[in-house]
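The lines below spell out each chain.
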Amino acid sequence: MDLEAVRTFVAVVEAGQFQKAAADLSITQQAVSKRIATLERALGVRLFTRAPRGVELTIDGQAFLPHARELLLVVERAGASVRPGHRPLRVDVITSRSAQSNLMRGFHRAHPEVDLTVMMLLDIGKAVTAVRSGAIDASFRAVTAPGRALPEGIESVRVLDEPLQLLIGPDHALADARSVTLAQLVGHRIWMPGIAPGTEWGAYYDDLVAEFALTIEATGPNFGSDALLDTIADTPALATFMGAHTRLIWPAGHGLRRIPVTDPTPVYPHSLLWHRDNPHPALAALRTHLAVTAAEQDATGTWTPDWAALR
């Protein structure tokens, strides 16, 4: 069914005349007549009859009118669902408990008028593809692993350096420490089953191990944070790294402690990725909000990988 013909039909109904409908639509009266004739042929019925001062709906026209209006409304809703400024701002974070998710909650508090859709795409390749295609508006990443340049058109900006903390159980050798240096962690087993080869966080921890001679184990299946916390609480020989802004809840009986790491403090670099041609108006508001957050950071005494693509 020709949507322009349907739109013209509704315009004629509202105007009461072909001539006035033509003026309202900025087309000729002849074009209006052709569109109505096309629609009548498609439906197999007459929609209008001549009247002294214009046209009137036939019984079939009266039956068709509410459906025509609903059809045009559906078309408008469909367009609005993907039109920048009318659809939600779609942002990718890695997990719901991450620092990235905290940043988005802060943005939502500052801009409650912005409709948000928060997504979770684990793989950076899928995230970048989604940003390029417009399936999502932005993604939080560590930019990229070494040797992986960002595609043409993808912009990035560093928005948060998240300090790492050591998470240990009550019987760990360092359980009473108020802070630990990276040198003190040499020889201790740090268990991180969530590290996956080829990911940007895998590349980050590879560089951390190489720089400070740490022992990080990624063995065993990754059953999630709850299982990790249970194991750390019950195994004195194991510890793990957690981001300082990562939200964690564990049973009181676990006796877990989060201990700051110093000299230097390793920080995980979170960046925002977006396509330079993305016109969504809320994207600019998000970037401005994150720029204010980033400006409040203190980089003194911290360490991050020296990645050429990192920024």
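Residues numbered from 1 in each chain as written. Predicted model: local features only at pLDDT ≥ 70, side-chain atom pairs only at ≥ 80, totals over all residues. Heavy atoms only, no water.

(A) Structural detail: unusual backbone geometry. Asp263 connects to Pro264 through a cis peptide bond whose omega is -10 degrees. When you line up the elements, Pro264 lands in the loop between strand 11 (257-262) and strand 12 (265-275). For Ser26, which is not glycine, the phi torsion reads 60 degrees and is therefore positive. Among the structural elements, Ser26 can be located in the loop between helix 2 (18-25) and helix 3 (29-43). The residue Ala213 is not glycine, and still its phi comes out positive at about 55 degrees. (Helix = DSSP H or I, 4+ residues; strand = E, 2+ residues; numbered from the N terminus.)

(B) Representation of the packing of aromatic side chains within the structure. Enumeration over the complete set of coordinates arrives at eight aromatic pairs. Measuring from centroid to centroid gives 5.8 Å for Tyr204 and Trp303, while their planes differ by 55 degrees, and the two rings are tilted. Residue Tyr204 is located in helix 7 (residues 200-212), and its partner Trp303 is located in strand 13 (residues 302-303); the two are separated by 99 residues in the primary sequence. Both residues of the pair, Tyr204 and Trp303, belong to the buried class. Lying over the aromatic face of Phe18, Arg50 brings its terminal NZ or CZ to 5.6 Å of the ring centre. (Phe/Tyr/Trp six-rings, centres within 6.5 Å; stacked < 30°, edge-to-face > 60°. Buried < 20%, exposed > 50% of the residue type's maximum accessible area, 1.4 Å probe, protein only. Lys NZ or Arg CZ within 6 Å of the ring centre and 35° of its normal.)

(C) Summary view of the pairing of strand 4 (residues 116-119). Here four bridges tie strand 3 (residues 89-92) to strand 4, and the two strands are oriented parallel to one another. The residue of strand 4 that forms the bridge with Arg90 is Thr117. The parallel pair strand 3 and strand 4, bridged by helix 5 (residues 99-110), forms a crossover whose chirality is right-handed. (Pairing = 2+ DSSP bridges. Right-handed = clockwise from strand over helix to strand, strands pointing away.)

(D) The pattern of salt bridges, seen in detail. Scanning all chains against the criterion turns up 11 salt bridges. Measuring nitrogen to oxygen at the nearest pair gives 2.9 Å for the salt bridge that ties Asp92 to Arg141. One end of the pair, Asp92, is in strand 3; the other, Arg141, is in strand 5 (residues 138-141), with 49 residues separating them in the sequence. Each of the two residues, Asp92 as well as Arg141, counts as buried. (Salt bridge = Lys/Arg side-chain N within 4 Å of Asp/Glu carboxyl O.)

(E) Quick look at helix 3. With 15 residues, helix 3 extends 21 Å from end C-alpha to end C-alpha; this agrees with the ideal 21 Å at 1.5 Å per step. Burial in helix 3 covers these residues: Val32, Ile36, Leu39 and Glu40. All buried residues of helix 3 fall inside an arc of 100 degrees around its axis, so they share one side. Exposed residues lying more than 90 degrees from the buried face of helix 3 are Gln30, Lys34, Arg41 and Ala42. A positive phi of about 80 degrees marks Gly44, the residue just after helix 3. (Expected span 1.5 Å × (residues − 1). Arc of directions from axis to C-beta.)

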